[in-house]
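Observations on chain architecture
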Number of protein chains: 2
Amino acid sequence: MRQDAAVSGVLRTVAVGALQLEAGGALPEVELAFETWGTLNADASNAVLIQHALTGDTHVAQGSGDEAGWWDALVGPGKPVDTDKYFVVAANMLGGCYGSTGPSSLDPEGVPWGSRFPFVTIRDSVRAEARLADRLGIRRWHAVVGGSLGGARALEWGATYSERVRHCVVVAIGGYSTAEQIALAQAQLLAIRQDPAYNGGDYYGGPAPTAGLGLARRIAHISYRSEPELNFRFGRRGQGAENPLEAPAGAAGRGRYQVESYLDHQANKLVGRFDANSYVALTEALMSHDVGRGRGGMQRALATAKAEFFLASVNSDRLYFPEQSDELARALPGEVPVYTIDAKIGHDGFLTEIGQLGGDLRRRVFTL
Amino acid sequence: MRQDAAVSGVLRTVAVGALQLEAGGALPEVELAFETWGTLNADASNAVLIQHALTGDTHVAQGSGDEAGWWDALVGPGKPVDTDKYFVVAANMLGGCYGSTGPSSLDPEGVPWGSRFPFVTIRDSVRAEARLADRLGIRRWHAVVGGSLGGARALEWGATYSERVRHCVVVAIGGYSTAEQIALAQAQLLAIRQDPAYNGGDYYGGPAPTAGLGLARRIAHISYRSEPELNFRFGRRGQGAENPLEAPAGAAGRGRYQVESYLDHQANKLVGRFDANSYVALTEALMSHDVGRGRGGMQRALATAKAEFFLASVNSDRLYFPEQSDELARALPGEVPVYTIDAKIGHDGFLTEIGQLGGDLRRRVFTL
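As the structure is a computational prediction, the values presented were derived from the model and not from experiment.

Looking at the pairing of strand 7 (residues 141–147) of chain B
Residues and elements named next belong to chain B. Counting buried residues along strand 7, seven of its seven residues qualify, which places the element largely inside the surrounding structure. Strand direction decides the pairing type here: strand 3 (residues 47–51) and strand 7, joined by four bridges, are parallel. Opposite Q51, over in strand 7, you have G146 as the bridge partner. Summarising the sheet, strand 7 and strand 8 (residues 165–171) pair through six bridges and their orientation is parallel. Bridge pairing in strand 8 places V145 opposite V169. What joins strand 7 to strand 8 is helix 2 (residues 149–160), and the crossover it makes is right-handed.

See the structure below:
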């Protein structure tokens, strides 16, 4: 497949064939959507795979268009992941809604998969991504990098394709989803599934389950931010002129607290850009995250990993606690330090404060 | 009103008249349900009011029947709040569903209030409870005691009826609901209101919004327990023979994680015993919790409080953080220590580990 810096940061798709799935069943035709930045060098040794999180997309860095990327602080010309030197690839996760095969894709009969879309795990997506790497002529990634669910995807690369990952950068996630992470995910799944518009997943062509997806996002967003962050920004204030102890003129109910309005806004933003079935599929995949599953546990799964690991956590993260990154570090061969993103915001610090890791990443991983 | 130890721990109701409400509107006839234990002494100086939390009821202690009480470790014969010495009263909060006037009560025309039930605050309930105290011949409580929402109710007593509270015991809650507590409450309210069976609150006579209330409870319950508690108890295990990576025989979807089954159980238990509209009403009241509202802030609201305050927090509480109890202590006149319940479980330690406060409560508050 021809690489061209002129299409830097532009979405393309590639067919990677049929895929047998870990939890059973198969997808007859899988397409992966991806973007690239920079140019693959002659010996294909400068390729970097960047993995997005739950509701993320492939637009990691700005590239040749105008749209900002979600990790512009990390990826771009002259940035720590320097696209003048590295060939950067980002793929939409299998099951997603940003171009890769997912529940809203058409099945071979031309009907959206909807409720019939099978259970896909992170490992399934990584296996599809390995075929993308083959198509791109990349035998071994210089680095696979991700935060949150993207970090789980990076870690699975390191465990599944030990020979194909030189550096594995795992930010703000541990080696498995914990009971609490599963519990919070269950609440989000129920919020969507209990929306009557969801219709078991077969809502394409009808109204989308926006209320359910919006509630799922609210639940999630609270967990992405720290308590002090929410309290500092919003406290108990009412939204604008709204009074939480009074009904607004001509309306039922009471005025909103500012934090309610903020979460309404977060919910509405996501509902406008994300498919509820993909939210379910990727959340189920994240619940299944367990690098040690079927491999004799986390330590044995990683004992033969050839990659050099770079771990980091956000010190205010109360969804993926720093202790979980520390536990992962202890399970890895050798001495693996855990770098700290110092941020008050909580888990989302892996997005907003990723620049803090720039120096250490240049020294340890991106040394060209 | 005649007091009789033979009716110890038995539910009774008393009419306390019409009530103008803080946020506007009125209730034409308010009844409060309550239980008592022990005997009021001649000068009515041994009365203790115990305030239940969000989904709690009036059955604080076992009494003359067989049913266990939710604070049996604290209240009963020979217990720290010794019902051989103290006359203990517990009232169902206004808006509740354990006997006091609430959304499921009949209006003067004999129709359930449902969607027409007005917004009641904690202060409204405390004003109704003051009339109950009048009816019982209690001018001044020896102590008002509560945890979580019950603690907010106790604190409002201390601020609203400064002369009527000798000791004010506030456990596992601060002086106001924070942005995060409001945010978590909003998610729970939406879970109920988005259930089509809720029908704006007018579901009596039809199916109840059990799915929505169950989801609200799951969201809440996660916040009541600590992350280590959930992970220690459940980890990533499947429920019994269920496999979270496989569809159960003859069923759709996958098997459940143990923590999902646990939360299903918590949800089902609550749905079987609690009214969704009361959950909404009391959650709205809790969101409004702010002892300083309309009083020039927390410090000024409490500057003239005559009660001796006894504060305590649970060291693993991540819903009502110990820091919020510390902040309340600093706002109170004089030096007020904050006692610690040392428990791994999280917020629910105010229920399961209340016995830890027994010695200090005997020394400081219940000295008879």
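Concerning the nonpolar core
It is characteristic of soluble globular proteins that their nonpolar side chains tend to be buried jointly. Core analysis: the largest hydrophobic core is formed by 184 residues, its most contacted members being W157 of chain A together with W157 and F309 of chain B. Aside from chain neighbours lying at most four places away, what touches W157 of chain A is L49, Q51, V126, E129, A130, A133, W141, V144, S162, R164 and V165 of chain A.

A look at the interface of chain B and chain A
Taken residue by residue, the interface counts 48 residues in chain B and 48 residues in chain A. Each partner contributes to the roughly 3,800 Å² buried at the junction of chain B and chain A, and carbon and sulfur atoms together form 63% of this total. A per-residue breakdown of the area chain B buries against chain A is headed by Q186, R236 and L245 of chain B, which together make up 18% of the total. Between the two partners, chain B and chain A, sit six salt bridges. Note that R236 of chain B is salt-bridged to D290 of chain A, the shortest N-O span being 3.4 Å. Where chain B touches chain A, the interface holds 26 residue pairs in polar contact (both at pLDDT 80 or more). Contributions of two or more residues to the side of chain B that touches chain A are made by helix 3 (179–193), helix 4 (210–224), helix 5 (227–234), helix 6 (258–271) and helix 7 (276–287) of chain B. Here the side of chain B that touches chain A is composed, by residue class, of 25 nonpolar, eleven polar and twelve charged.

Brief notes about empty space enclosed by the protein
Residue and element names in this part refer to chain B. Here the structure, examined in full by the defined rule, presents one cavity of 30 Å³ or more. If you add up the space inside the largest cavity, you get close to 170 Å³. The wall of the largest cavity is formed by 16 residues, among which Q181, Q188, L286, L319 and Y320 lie closest to the centre. Of all the secondary structure elements, the ones that give two or more residues to the lining of the largest cavity are helix 3, helix 4 and helix 7. Here the element with the most residues in the lining of the largest cavity is helix 3; it accounts for four residues. Tallied by class, the residues present in the lining of the largest cavity amount to nine nonpolar, seven polar and no charged.

The rules behind these values
- Residues numbered from 1 in each chain as written.
- Chains lettered and ligands numbered in written order.
- Predicted model: local features only at pLDDT ≥ 70, side-chain atom pairs only at ≥ 80, totals over all residues.
- Heavy atoms only, no water.
- Buried < 20%, exposed > 50% of the residue type's maximum accessible area, 1.4 Å probe, protein only.
- Helix = DSSP H or I, 4+ residues; strand = E, 2+ residues; numbered from the N terminus.
- Pairing = 2+ DSSP bridges.
- Right-handed = clockwise from strand over helix to strand, strands pointing away.
- Core = buried A, V, L, I, M, F, W, Y, C linked by side-chain atoms within 4.5 Å.
- Contact = heavy atoms within 4.5 Å.
- Buried area = accessible area lost by both parts, 1.4 Å probe.
- Salt bridge = Lys/Arg side-chain N within 4 Å of Asp/Glu carboxyl O.
- Polar contact = N/O pair within 3.5 Å; in protein donor to acceptor, adjacent residues only side chain to side chain.
- Nonpolar A, V, L, I, M, F, W, Y, C, P; charged D, E, K, R; others polar.
- 1 Å grid on protein atoms, 1.4 Å probe; cavity = no way out; pocket = protein on both sides within 12 Å on 5 of 7 lines; lining within 4 Å.
- Points joined across faces, edges and corners; volume = space filled by probe spheres on them.

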